[in-house]
Amino acid sequence: MATGLRIKTAAELRTNYLRREMFPTIFCDGCGIGNVLNYTLWAIDEVGLDLDRTVFVSGIGCSSRLPGYINADGLHATHGRALAFAAGIRAANPDLTVIVFTGDGDGAGIGGNHLLHTIRRNMDMTVILVNNFTYGMTGGQSAPTTPDGGFSSTTPYGNIEHPLDICELAKALGAPYVARWPVVSPAQPVKSIAEGIRKRGFALIEMLTPCPTAYGRRNGLKEIEQIWRWYREHTVLLDEWEWVEQFGSPEEREALRGKLKIGVFQDTERETFEDRWAALVARERL
Amino acid sequence: MSTHRELIRRALGPRVQFVQGDDACAYGAVLAGCTFFAGYPITPATEVAERMAEILPRIGGCYIQMEDEIASMGALIGASWTGAKVMTSTSGPGFSLMQENLGYAIMTETPCVVVNVQRSGPSTGQPTMGAYGDMMQARWGTHGDHEIIMLCPASVQEALEITIVAFNLSEQLRTPVLVFIDGELGHMRERLVIPDDDEFELVERPRATDRASYRPFAPGPDLVPPFAPFGSGFRTFVTGLTHNEDGLPRASSAAVHDQLVRRLAAKITSHLDLITRYEEFYADDCEIAIVAYGITARTCRDVVEEARRRGIKAGLLRLISIWPFPEHVVARWAERVRAMLVPEMNLGQIVHPIREAVAGRCVVTPYARIGGELHTPAELLEALEALQWQPA
């Protein structure tokens, strides 16, 4: 990564990684999930993953359609349960690389309990969580991540619930690698996904991804320029956030409200379930 | 270095043991080649998980306790797609939670075995008391049109043997198979003889061999598609959506859905000869029959003997495979007998497919008992005697 990223062309990606017969995708104009797929493939290429030995797992929702487009083993599971299916794969065959695509509703709403326990066990997998603040596939209902006051088809008067910060949760649970980036530029997401794949243990990369069709149009973020400007204006690098919290003026601190921290939240080491199980078997096997 | 079979023998211990039905299910699984178990504690099924947690590391397998039964069933499916033989165990409340992923396993043709040690419901009910209240949930619990295979052993020995059969059917037909016992049989201790390897057959799922011609859901001669485990380079996409024979989603196509769902049902209903299991006592000259299954059938065996001593031409049809329902077997009995007594540890569940199979050819009388107690021989004998005076 140090020498910089070699961006693959669409034709190269198609030939090497994609399942031709699945195209065109189901994604709407302006959707950011295609970017997430691009970044993931660039990262895979960077790491040099063997796609014959990699399984892509997902739950239900727009982002969970991604494994279908990749020419590899894929398990498009039930709603919210991607991590449980992935845990079975890793526990039964730790030689396989597992990459999970999930959404904010799938991964942190209905699947929140599995997120908690898969991180606690520290199973070695890379989870790319596409957060678009809404349930896009069902037409834009409120999600656990919908911003305070955000409009959705089930919060027509504005969201009154506090949104969940998935990365802070993952960090607190001890996930060895946690990062959040908006899709607006490729470099940091690609780097983080590659680091996540290389990390031995649970890696979570949350991608802030626009959904103009279901969320954007209800919240003044229908046009791509508006959306991408919003992400630039509403995200603050972790270092800067901490600096403002410590040394900023009251006005600067007030300006953090409603914004999202981005960056690498955690990068550490922790023994995995798989390693501990292998050690247990080595000890107890007859 | 020991072979895997030798490891299994050493892990299981002595050939003759005095163990519970739950233990026998675990032993049967290990003998069948199960190397992966995911589960969640629940009375009266917990001992199955405990035995697996003890045995699996000793034979190089994997046991994982999941956060709930939904996750257990999910992990089972993930593990099965790596090529492992897999099992979970639960009781009524947990079986309810497994229904969605059970349907996923049916739709994606994922071999797996689910043991349900039934207790009384609805809801939390009577956690430590036996019941057979999930018989219809097993058949229709998951949404959508489907067939399911369910087996009901009646003794500790049979629990072991039937669990092996369950694995074989699950592998051969690539579908979930349910082994249903109850809290009484699950916790009852009996003499168990662990069979030698040459005393039972083991079946493996059909495997894909040629990558070039591989189409993951194109059925073979048995209506069962050959399997390619994750990581074998065959690059299989597995989805619960309606999919074509290449495994790709075709969720809006009536034709693809119709063809897929009918094949999934037909691959089970066309193998009745492989699945159907039952036992008959005094079938030839029987006038009043008892049709029973599970632990209830054990009482009935004695009841029939006693009835014979009293001059009643009684007989017993003990169903071992419940789903798909052995309609032809019950229909054959219906042609010969005047009446059928159907004792069940529920308010009447299998009596419904029995009535359907009988189609009015004889009297069908349910004898329901709930609350966790078994039917007594005396009350069943009395019921048989009363049926004797039923007009034909």
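The preceding data block contains the structure.
Report follows, based on the coordinates. Being a predicted model, the structure only gives us computed values, none of them experimental. (Residues numbered from 1 in each chain as written. Chains lettered and ligands numbered in written order. Predicted model: local features only at pLDDT ≥ 70, side-chain atom pairs only at ≥ 80, totals over all residues. Heavy atoms only, no water.)

1. Comments concerning the overall build of chain B
Next up, step 1: A tally of helices and strands in chain B yields 14 helices and 16 strands.
Next up, step 2: Over its C-alpha trace chain B gives a radius of gyration of 21 Å, about what one expects of a compact globule, namely 21 Å for 392 residues.
Next up, step 3: Over its C-alpha atoms, taken along the principal directions, chain B stretches across nearly 70 × 50 × 40 Å.
Next up, step 4: The buried share of chain B, reckoned over its 392 residues, is 62%.
Next up, step 5: Surface exposure of chain B reaches about 13,900 Å², of which carbon and sulfur atoms provide 51%.
Next up, step 6: The distance from the centre of the 35 positive side-chain charges to the centre of the 48 negative ones in chain B is 3 Å. (Helix = DSSP H or I, 4+ residues; strand = E, 2+ residues; numbered from the N terminus. Rg over C-alpha atoms; globule rule 2.2 N^0.38 Å. Buried < 20%, exposed > 50% of the residue type's maximum accessible area, 1.4 Å probe, protein only. Areas by Shrake-Rupley, 256 points an atom, 1.4 Å probe, with all protein chains shown as cover. Lys, Arg positive; Asp, Glu negative; His and termini not counted. Charge placed at Lys NZ, Arg CZ, Asp CG, Glu CD.)

2. Observations regarding the interface of chain A and chain B
Many authors give the size of an interface as the accessible area that is lost as the parts come together.
Next up, step 1: Between chain A and chain B, the residue contacts involve 41 residues of the former and 45 residues of the latter.
Next up, step 2: Both sides of the chain A and chain B interface together cover about 3,600 Å² of buried area, and 61% of this is carbon and sulfur.
Next up, step 3: Seen at the junction of chain A and chain B, the total is three salt bridges.
Next up, step 4: The salt bridge partner of Asp-52 of chain A is Arg-211 of chain B, with a shortest N-O separation of 3.4 Å.
Next up, step 5: Viewed at the interface, chain B and chain A are joined by 20 residue pairs in polar contact (both at pLDDT 80 or more).
Next up, step 6: For the side of chain A that touches chain B, the secondary structure elements donating two or more residues are helix 3 (66-69), strand 2 (73-76), helix 4 (82-92), helix 6 (112-121) and helix 12 (273-284) of chain A.
Next up, step 7: Here the residues of the side of chain A that touches chain B are counted per class, giving 20 nonpolar, 11 polar and 10 charged.
Next up, step 8: With three bridges connecting them, strand 2 of chain A and strand 10 (residues 237-239) of chain B associate as parallel partners. Bridging from a neighbouring strand, His-76 of chain A pairs with Thr-239 of chain B of strand 10 of chain B. (Contact = heavy atoms within 4.5 Å. Buried area = accessible area lost by both parts, 1.4 Å probe. Salt bridge = Lys/Arg side-chain N within 4 Å of Asp/Glu carboxyl O. Polar contact = N/O pair within 3.5 Å; in protein donor to acceptor, adjacent residues only side chain to side chain. Nonpolar A, V, L, I, M, F, W, Y, C, P; charged D, E, K, R; others polar. Pairing = 2+ DSSP bridges.)

3. Overview of the packing of aromatic side chains
For any pair of aromatic rings, the description consists of the separation of the ring centres together with the inter-plane angle of the planes.
Next up, step 1: Enumeration over the complete set of coordinates arrives at 19 aromatic pairs over all chains.
Next up, step 2: Look at Trp-81 of chain B and Phe-227 of chain B: their rings are 4.8 Å apart centre to centre, the planes differ by 40°, and that puts the pair in the tilted class. On the criterion of sequence distance, the pair formed by Trp-81 of chain B in the loop between helix 4 (69-80) and strand 4 (85-90) and Phe-227 of chain B in the loop between strand 9 (189-193) and strand 10 is long-range, its members being 146 residues apart. Phe-227 of chain B shares its class with Trp-81 of chain B; the two are buried.
Next up, step 3: Centre to centre, the rings of Tyr-132 of chain B and Tyr-293 of chain B are 5.6 Å apart; their planes meet at 75°, and the pair counts as edge-to-face. Taken as a pair, Tyr-132 of chain B in the loop between strand 6 (126-130) and helix 6 (135-140) and Tyr-293 of chain B in strand 12 (residues 288-293) lie far apart in primary sequence, 161 residues in all. Here the two residues Tyr-132 of chain B and Tyr-293 of chain B agree in accessibility, since each one is buried.
Next up, step 4: Put simply, the rings of Phe-133, Tyr-215, Trp-230 and Tyr-231 of chain A touch in pairs and so form one group of aromatic residues.
Next up, step 5: The ring of Trp-323 of chain B carries the charged tip of Arg-139 of chain B above its face, separated from the ring centre by 5.9 Å. (Phe/Tyr/Trp six-rings, centres within 6.5 Å; stacked < 30°, edge-to-face > 60°. Lys NZ or Arg CZ within 6 Å of the ring centre and 35° of its normal.)

4. Looking at the pattern of salt bridges
Note that side chains of opposite charge can pair when their charged atoms are close.
Next up, step 1: Taken as a whole and judged by the stated rule, the model has 43 salt bridges over all chains.
Next up, step 2: Residue Glu-305 of chain B is joined to Arg-301 of chain B by a salt bridge in which the shortest nitrogen-to-oxygen separation is 3.3 Å. Taken together, the residues span about one helical turn, with Glu-305 of chain B and Arg-301 of chain B both in helix 11 (residues 296-309) at a distance of four residues.
Next up, step 3: The exposure class of Arg-301 of chain B is partly exposed, given its relative accessible area of 34%.
Next up, step 4: One salt bridge in this structure joins Glu-306 of chain B and Arg-310 of chain B, with 3.0 Å as the shortest N-O distance.
Next up, step 5: Taking the relative accessible area as the measure of exposure, Glu-306 of chain B reaches 25% and is therefore partly exposed.
Next up, step 6: Overlapping salt bridges bring together Arg-90, Asp-124, Arg-200, Glu-274 and Asp-275 of chain A as one network.

5. Overview of the nonpolar core
Next up, step 1: Core analysis: the largest hydrophobic core is formed by 145 residues, its most contacted members being Val-57 of chain A together with Phe-36, Met-52, Met-87, Met-340 and Ile-354 of chain B.
Next up, step 2: By residue number, the principal contributor to this core is helix 7 (residues 156-173) of chain B, which donates 10 residues.
Next up, step 3: With sequence-adjacent residues up to four places away left out, Ile-354 of chain B is seen in contact with Val-291, Phe-325, Val-330, Met-340, Val-342 and Val-364 of chain B.
Next up, step 4: Judged by nonpolar contacts, the second largest core, of 50 residues, contains Ile-99, Ala-194, Ala-203 and Leu-208 of chain A. (Core = buried A, V, L, I, M, F, W, Y, C linked by side-chain atoms within 4.5 Å.)

6. As for helix 4 of chain A
Next up, step 1: For helix 4 of chain A, the buried fraction is high: 10 of the 11 residues fall into the buried class.
Next up, step 2: Every buried residue belonging to helix 4 of chain A is among Ala-82, Leu-83, Ala-84, Phe-85, Ala-86, Ala-87, Gly-88, Ile-89, Arg-90 and Ala-91 of chain A, and all of these are buried.

7. A few points about the packing of helix 12 (residues 327-336) of chain B against helix 13 (residues 351-358) of chain B
Relative orientation and spacing of two packed helices are given, respectively, by the angle between their axes and the distance between those axes.
All names here are of chain B.
Next up, step 1: Where helix 12 contacts helix 13, the two axes come as close as 8 Å, and the packing angle between them is 60°. If you check the angle between helix 12 and helix 13, you find them oblique. Regarding helix 12 and helix 13, the two cross each other, and that crossing is right-handed. Across from Glu-327, Val-330, Ala-331 and Ala-334 in helix 12, the residues of helix 13 making contact are Ile-354, Ala-357 and Val-358.
Next up, step 2: Of the residues assigned to the contact of helix 12 with helix 13, the class counts are six nonpolar, no polar and one charged. (Axes fitted to C-alpha atoms, helices over the stretch in contact; angles between N-to-C directions. Parallel < 35°, antiparallel > 145°, perpendicular 65-115°, else oblique. Left-handed = near helix turned anticlockwise from the far one by under 90°.)

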